[in-house]
Amino acid sequence: QAHRLEPDCPSALVRGIGSNGMAAAAAGSHAKLLRELRAISVGPPDIAHASPVAIPGGRLAQMWPVLAGAGKTAMVRSFLAMYLGLLLLGRALWSGRSAGGGAAIGLVGLFLMAYGFVGLPGGVPVLAVRTAAGFYCKGDPNDSSTRNARIRHAFQGWLARFSPTPFVRTGELCTVCPFLWSPNRCVGLAFERVWLQLEDEERMAVDWVFPPGGYDPSRPVVFLLTGLAPSKHWTVTGGFVGDAAWHLSTRLGMTAVVVVARGTMDTEVQKHLFHGARVTDLRQAILMAEKVTRAVAQEADKPLGPPIFAAGFSMGAIILGNYCGQYGQETGLKGAVHFSGVYDAVFNMKFEYSVQTWQTYLTYGLKTSFFTDRTFKEAVRRGVNMPLIFSRSTASVVDIDTNFVAPYNGYPRVEDYYLDMSLGAEDKWRKVAIPVLAVAARDDPITHCDALRAQEFSAENENLLFLITDRGGHVGWPWGSRPWSRGFDFMNEGIGLFIETILADT
């Protein structure tokens, strides 16, 4: 999937070199950056290709927890109730039975349709949300001289023109629908893959995506952190990461850098698998970006490269927040914004609705794509009970983390792993020294917005800001009456607005 940018100077810039000095300078910067990136890239890992592990019982056997979990979701239960109610109502109207019998069937149908619309009683209870919708940050909201007040004002103005899709009323539909109808706008988007050598002898990939005119040193570089262990390359699946890379580069003229989590998409590892508490991979990628962009800037007699920002989604949001707490003033970032993450992963374990429903689908993806024959053997060597992993007893992400991730990576308990992953643990949140905006929805069915601890953290640390919406689901936020034409623009525009506001402030 690695698409190199050839030739070194994009054609749009090559055509302008003779007559436009600015275009020539931009083309020169682009060529120099490509040279630096290709010099620093160590290439893919020199290991034999690992085959996907043979799944005991096949993929179908792993589907049972997913089907059971889907049957517990309010979305599926409501759909089935409305569908059955519609069938009964139709039968009552067309059966030609006696008025009494037809009326009774029709009445049952109407009741089922009504329950389907408002929500069928029973099912897995949803953990009540205590965090109110709004913008949370430290400082006087009326004092326009402060950075936080300006960020708040910018987002309040932007939200005034945001119109949630009127016919997508639940968090589950807000989560599912954007993936079903959003076009893949990053198809064919060119990128430069760079391989980095990591401290544990593994290698990771980062994909650099440039504006149509090439690298612009006057515009920011933005790192994008993906969700949980995607199996296919971001240009193939599209989704929010690909859409963000397309938006930032094509619409905003920024350079986007997609962080490919080790062992995911089209990459392989020897034995050190991805896990959510590791922040050193992101650190290596940011240090690399600082080095190559500074080298290009210094050739142009400028001391520093462009500002670097980062945006994370779901698991990427958790890692990004934790990174900012771990490295404090040494993040190398000007700011960070993330969506649908948590700062307290231990608290999110209490979100039983997520555990019993949506996490079953995520776990199926992990079981069927995350493991190879090489990592399977390594897990057995480390004492992991792999038959348990592929049994129906391991049905949620919490189960995977308990039975596999924690023991594989040497954590005594899953809670220890979650504490290491969480910005909210061990006062790491107090060390955040750059503006970090966390965006979440109250109706998120996967990560509970109370696990951000917005009120508590924003009151004590001026660099922790929060935007909590009533609707949006998990990395969803469908926009307008024709949401399929907007893709993931809520998050795309939110990233751009945050970055431009920070830059204007400085």
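Here the structure is a predicted model, which is why all the values come from computation and not from measurement. Positions within a chain are numbered from 1, following the residues in the order the chain's sequence is written. Only residues with pLDDT of 70 or above have their local features reported here, since the model is predicted, and side-chain atom pairs are shown and tallied only from 80 upward, although totals for entire chains, interfaces and linings are computed over all residues. Hydrogens are left out, water is left out, and the side-chain values use all remaining heavy atoms of the structure.

A.B. asks: Give me the overall build of the protein chain: which residues, what numbers.
C.D. replies: The numbering of helices and of strands both runs from the N terminus, where a helix is a DSSP run of H or I of at least 4 residues and a strand a run of E of at least 2. Looking only at helices and strands, the protein chain features 20 helices and nine strands. For the radius of gyration, the atom set is restricted to C-alpha positions; the globular benchmark scales as 2.2 Å times the number of residues to the power 0.38. In terms of C-alpha radius of gyration, the protein chain reaches 24 Å, essentially the compact-globule figure of 23 Å for 506 residues. Each of the three principal axes of the protein chain carries a C-alpha extent, and together these read 90 × 60 × 50 Å. Relative accessibility under 20% of the residue-type maximum defines a buried residue, over 50% an exposed one, and the middle range a partly exposed one, all with a 1.4 Å probe and only protein chains included. Taking all 506 residues of the protein chain together, 53% fall into the buried category.

A.B. asks: Can you tell me about the nonpolar core, naming the residues and giving the values?
C.D. replies: Trp208, Phe223 and Phe404 are the most contacted members of the largest nonpolar core, which totals 81 residues. The biggest single contributor to this core is helix α10 (residues 280-299), with seven residues. Setting aside residues no more than four positions away along its own chain, Phe404 makes contact with Leu273, Phe370, Phe371, Ala379, Val384, Met386, Ile389 and Asp399. In terms of nonpolar packing, the next biggest core, distinct from the first, is built from 46 residues, Val241, Trp246, Leu437 and Trp477 among them. Take the buried Ala, Val, Leu, Ile, Met, Phe, Trp, Tyr and Cys residues and link them wherever side-chain atoms come within 4.5 Å; each set so joined is a nonpolar core. Any two residues whose heavy atoms approach within 4.5 Å are treated as being in contact.

A.B. asks: Can you explain the layout of surface pockets? Please cite residues and give values.
C.D. replies: Site definitions follow a grid-based scheme: protein atoms alone, a 1 Å grid, a 1.4 Å probe that fits but cannot get out for cavities, and for pockets an open set with protein on both sides within 12 Å along at least five of seven lines, plus lining residues having an atom within 4 Å of a point. Grid points are joined across faces, edges and corners, and a volume is the space filled by probe spheres set on the points. Considered as a void within the structure, the second largest pocket measures approximately 760 Å³ in volume. Contributing elements (two or more residues each) for the lining of the second largest pocket: α4 (74-94), α5 (99-118) and α7 (171-181). The element contributing the most residues to the lining of the second largest pocket is α4, with six residues. Along the lines of polarity and charge, the residues of the lining of the second largest pocket split into 18 nonpolar, nine polar and seven charged. Under the grouping applied here, Gly and all other residues not named as nonpolar or charged are polar, the nonpolar ones being Ala, Val, Leu, Ile, Met, Phe, Trp, Tyr, Cys and Pro and the charged ones Asp, Glu, Lys and Arg.

A.B. asks: I'd like a description of the pattern of salt bridges, backed by residues and values.
C.D. replies: Counted as salt bridges are all cases of a side-chain nitrogen of Lys or Arg within 4 Å of a carboxyl oxygen of Asp or Glu. Within the structure shown, the criterion is met by 24 salt bridges. Here Arg251 ties to Asp489 by a salt bridge, and the two come within 3.3 Å at their closest N and O atoms. A residue pair is termed long-range when its members are at least 10 positions apart, and Arg251 in helix α9 (residues 239-251) and Asp489 in helix α20 (residues 489-505) qualify at 238 residues. Exposure remark for Arg251: the relative accessible area of 42% places this residue in the partly exposed category. Owing to a relative accessible area of 3%, Asp489 belongs among the buried residues under this scheme. Across the pair Glu268 and Arg374 runs a salt bridge, and its minimum N-O distance is 3.5 Å. Highlighted residues: Glu268 in the loop between β5 (255-260) and α10 and Arg374 in helix α15 (residues 373-381), separated in sequence by 106 residues. Each member of the salt-bridge network shares a partner with another, and the members are Arg161, Arg185, Asp243, Arg251, Arg486, Asp489 and Glu493.

A.B. asks: Describe the side chain of Thr501, naming the residues involved and giving the relevant values.
C.D. replies: Examined against the element boundaries, Thr501 turns out to sit in helix α20. For Thr501, the side chain forms a polar contact with the main-chain oxygen of Leu497, separated by 2.6 Å. Two N or O atoms form a polar contact when they lie within 3.5 Å of each other; inside protein one atom must be a possible hydrogen donor and the other a possible acceptor, and for residues adjacent in sequence the pair counts only when both atoms belong to side chains.

A.B. asks: Lay out α20 with the relevant residues and their values.
C.D. replies: With 17 residues, α20 should cover 24 Å at 1.5 Å per step; its first-to-last C-alpha distance of 24 Å lies within 8% of that length. With 12 of its 17 residues buried, α20 lies for the most part within the structure. Along α20, the residues that are buried comprise Asp489, Phe490, Met491, Asn492, Glu493, Gly494, Ile495, Gly496, Phe498, Ile499, Thr501 and Ile502. Each helix should span, by expectation, one fewer than its residue count multiplied by 1.5 Å.

A.B. asks: Describe the packing of helix α6 (residues 147-159) against α20, listing the residues and the values that go with them.
C.D. replies: Between the N-to-C directions of two axes lies an angle of 0 to 180 degrees, each axis being a line fitted to C-alpha atoms and, for a helix, fitted only over the stretch in contact. Axis separation between α6 and α20 bottoms out at 10 Å; the angle between their running directions is 145 degrees. Relative to α20, α6 is oriented so that their crossing is right-handed. Only Phe490, Glu493, Gly494, Leu497, Phe498, Thr501, Ile502 and Asp505 of α20 make contact with α6, whose side of the interface consists of Arg147, Arg150, Ile151, Ala154, Phe155, Trp158 and Leu159. Of the residues that constitute the contact of α6 with α20, the class distribution is nine nonpolar, two polar and four charged. Each crossing gets its handedness from the near helix: less than a right angle anticlockwise from the far helix is left-handed, clockwise is right-handed.

A.B. asks: Which residues make up empty space enclosed by the protein, and what values do they have?
C.D. replies: Counted by the stated rule, this structure contains two cavities of 30 Å³ or more. Looking at the largest cavity, its volume works out to about 180 Å³. What lines the largest cavity is a set of 16 residues, among which Leu225, Val259, Ala261, Phe274 and Ile319 lie closest to the centre. Elements with a contribution of two residues or more to the lining of the largest cavity: α10 and α11 (315-327). Here the lining of the largest cavity takes three residues from α11, the largest share from any one element. Per-class residue counts for the lining of the largest cavity are nine nonpolar, four polar and three charged. Together, Gln62, Pro65, Val66, Thr360, Thr363, Tyr364, Lys367, Thr394 and Ala395 line the second largest cavity. At the level of secondary structure, the elements contributing two or more residues to the lining of the second largest cavity comprise α3 (58-72) and α14 (358-369). No other element matches α14, which puts four residues into the lining of the second largest cavity.

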